[in-house]
Amino acid sequence: MSKTIEWIMRSWEGYWGDGLIFVLLLVSIVGLLIFRGKKRIVQLFIGYVALTVFLYFCPWTAKIIMNCIGRSVYWRVLWMIPLIPFLSGAGAELIRNHNPLAARGIIAALVIALVVISGESVWQAGNYELVDNAQKVPEDVVRVCDAIRENSGEAEICLATDDHLATYVRIYDPSILMPYGRRGKGAENNRSEDLYDEIMSGDVDFERVGELARSLQCDYLAVKIYSTESLEEIKSTGYSLVRIVSQYYILHYDSSWEEDTEY
């Protein structure tokens, strides 16, 4: 249940982002309640939003929905919130309450500007970058994959990494196997899900990452490590440092480690 709640909050934060659209939504709801709260249509819309939010945050209903549509796309439940009708309705109500026509024009322009600046531009959010490779994937993905291939040769390998790299690794090099894909999608068992969740958690237990990766027969790990202690934790599970590329520590599992440990 704790994992479900954690995913609920992660999806909520990821959906609304750092913009102020959610604040505008709350202001719109309050404004409509004040000026048009007695209208049946307004009451129905607000009741519908309240029910949607309740079902979204309720861990039992969330678990059922995740099992039906997949955990990685649970944020799409928030599409059910009628954001545009609320914003446009509140804006129209604000404009209608002002006279003369010139004042309405100014208010309309201000409302539009407020909506624009409250969002987050896709061009400024780091979603796009100029790259120089045929697959059009981020350059750090190319450098990590090339470093792993240089170390492994042509052997078939399995790599576990964070969501940023996992999204593009198999686009750049389909021969690299993975225990899960983008946003943990495609995980075949609970251990794969646990490994993804641990790597993506805010406080990573690197010893557990190493143990889970080893149990899933992951030959390589590509993770961001910020302390010597964390590096030693993951090394204690049989992984050795190969190279540091673009802030990613590339580690390779040494099969002889298990033999030495048993001995």
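Look up: the structure comes first, before these words.
As the structure is a computational prediction, the values presented were derived from the model and not from experiment. (Residues numbered from 1 in each chain as written. Predicted model: local features only at pLDDT ≥ 70, side-chain atom pairs only at ≥ 80, totals over all residues. Heavy atoms only, no water.)

**A look at the packing of aromatic side chains**
The description of an aromatic ring pair uses the distance of the two centres, along with the angle that the planes make with each other. Applied cut-off: Working definition: rings of Phe, Tyr and Trp (its six-membered ring) pair if their centres are within 6.5 Å, and the pair is stacked with planes under 30 degrees apart, edge-to-face with planes over 60 apart, and tilted otherwise. Secondary structure follows DSSP: runs of H or I at least 4 residues long count as helices, runs of E at least 2 residues long count as strands, and numbering of each begins at the N terminus. For each residue, the accessible area found with a 1.4 Å probe, counting protein chains only, is set against the maximum for its type, and the residue is called buried under 20%, exposed over 50%, and partly exposed in between.
Enumeration according to the criterion identifies 14 aromatic pairs in this entry. On the basis of an interplanar angle of 50 degrees and a centroid distance of 4.8 Å, the ring pair of tryptophan 12 and phenylalanine 57 is categorised as tilted. Placement of tryptophan 12 in helix H1 (residues 2-16) and of phenylalanine 57 in helix H3 (residues 40-57) is noted, with a sequence separation of 45 residues between them. Look at tryptophan 16 and phenylalanine 22: their rings are 5.0 Å apart centre to centre, the planes differ by 50 degrees, and that puts the pair in the tilted class. On the basis of relative accessible area, phenylalanine 22 is assigned to the partly exposed category, the value being 26%. Taken together, the ring pairs connect Trp12, Tyr15, Trp16, Phe22, Tyr56, Phe57, Tyr74, Trp75 and Trp79 into an aromatic cluster.

**Overview of the pairing of strand E5 (residues 248-253)**
To keep things clear, this is the line we draw: Here, strands pair whenever DSSP counts at least two bridges between them.
For E5, a buried count of 5 out of 6 residues is recorded, marking the element as mostly surrounded by other parts of the structure. Where strand E3 (residues 220-223) lies against E5, 4 bridges are found, and the strand directions are antiparallel. Within E5, the residue paired with alanine 222 across the bridge is isoleucine 250. The sheet contact formed by strand E4 (residues 239-245) and E5 spans 6 bridges and is antiparallel. The residue bridging serine 240 from the neighbouring strand is histidine 252, located in E5. In textbook terms, the turn of a hairpin is the stretch between consecutive antiparallel strands, and for E4 and E5 this stretch comprises 2 residues, one of which, serine 246, has a positive phi near 50 degrees.

**Some points on the environment of tyrosine 239**
Selection rule: Here, two residues are considered to be in contact whenever any of their heavy atoms come within 4.5 Å of each other. Whenever two N or O atoms come within 3.5 Å, that pair is a polar contact, provided that in protein one can donate a hydrogen and the other can accept it, and provided that, for residues adjacent in sequence, both atoms are side-chain atoms.
Assignment of secondary structure puts tyrosine 239 in strand E4. Given the relative accessible area of 1%, tyrosine 239 is considered buried. Counting along the chain gives 12 residues from tyrosine 239 to leucine 251, while the straight-line C-alpha distance between them is 5.7 Å. When near neighbours in sequence (up to four residues on either side) are disregarded, tyrosine 239 contacts Gly210, Ala213, Arg214, Cys218, Asp219, Leu221, Ile234, Leu251, His252 and Tyr253. Here arginine 214 takes part through its backbone nitrogen, which lies 3.3 Å from a polar atom of the side chain of tyrosine 239. Within the structure, the side chain of tyrosine 239 is placed 2.7 Å from the backbone oxygen of cysteine 218, a separation counted as a polar contact.

**Quick look at the nonpolar core**
Let me state the cut-off plainly: To define a nonpolar core, start from buried Ala, Val, Leu, Ile, Met, Phe, Trp, Tyr and Cys residues and group those joined through side-chain atoms within 4.5 Å.
Formed by 62 residues in total, the largest nonpolar core has its most connected members in Leu195, Ile234 and Leu251. For this core, the element with the highest residue contribution is helix H7 (residues 139-152), accounting for 6 residues. Excluding its chain neighbours within four sequence positions, the residues that come into contact with leucine 195 are Ala160, Pro179, Tyr180, Val209, Leu212, Ala213, Leu216 and Cys218.

By themselves these figures say nothing about function.
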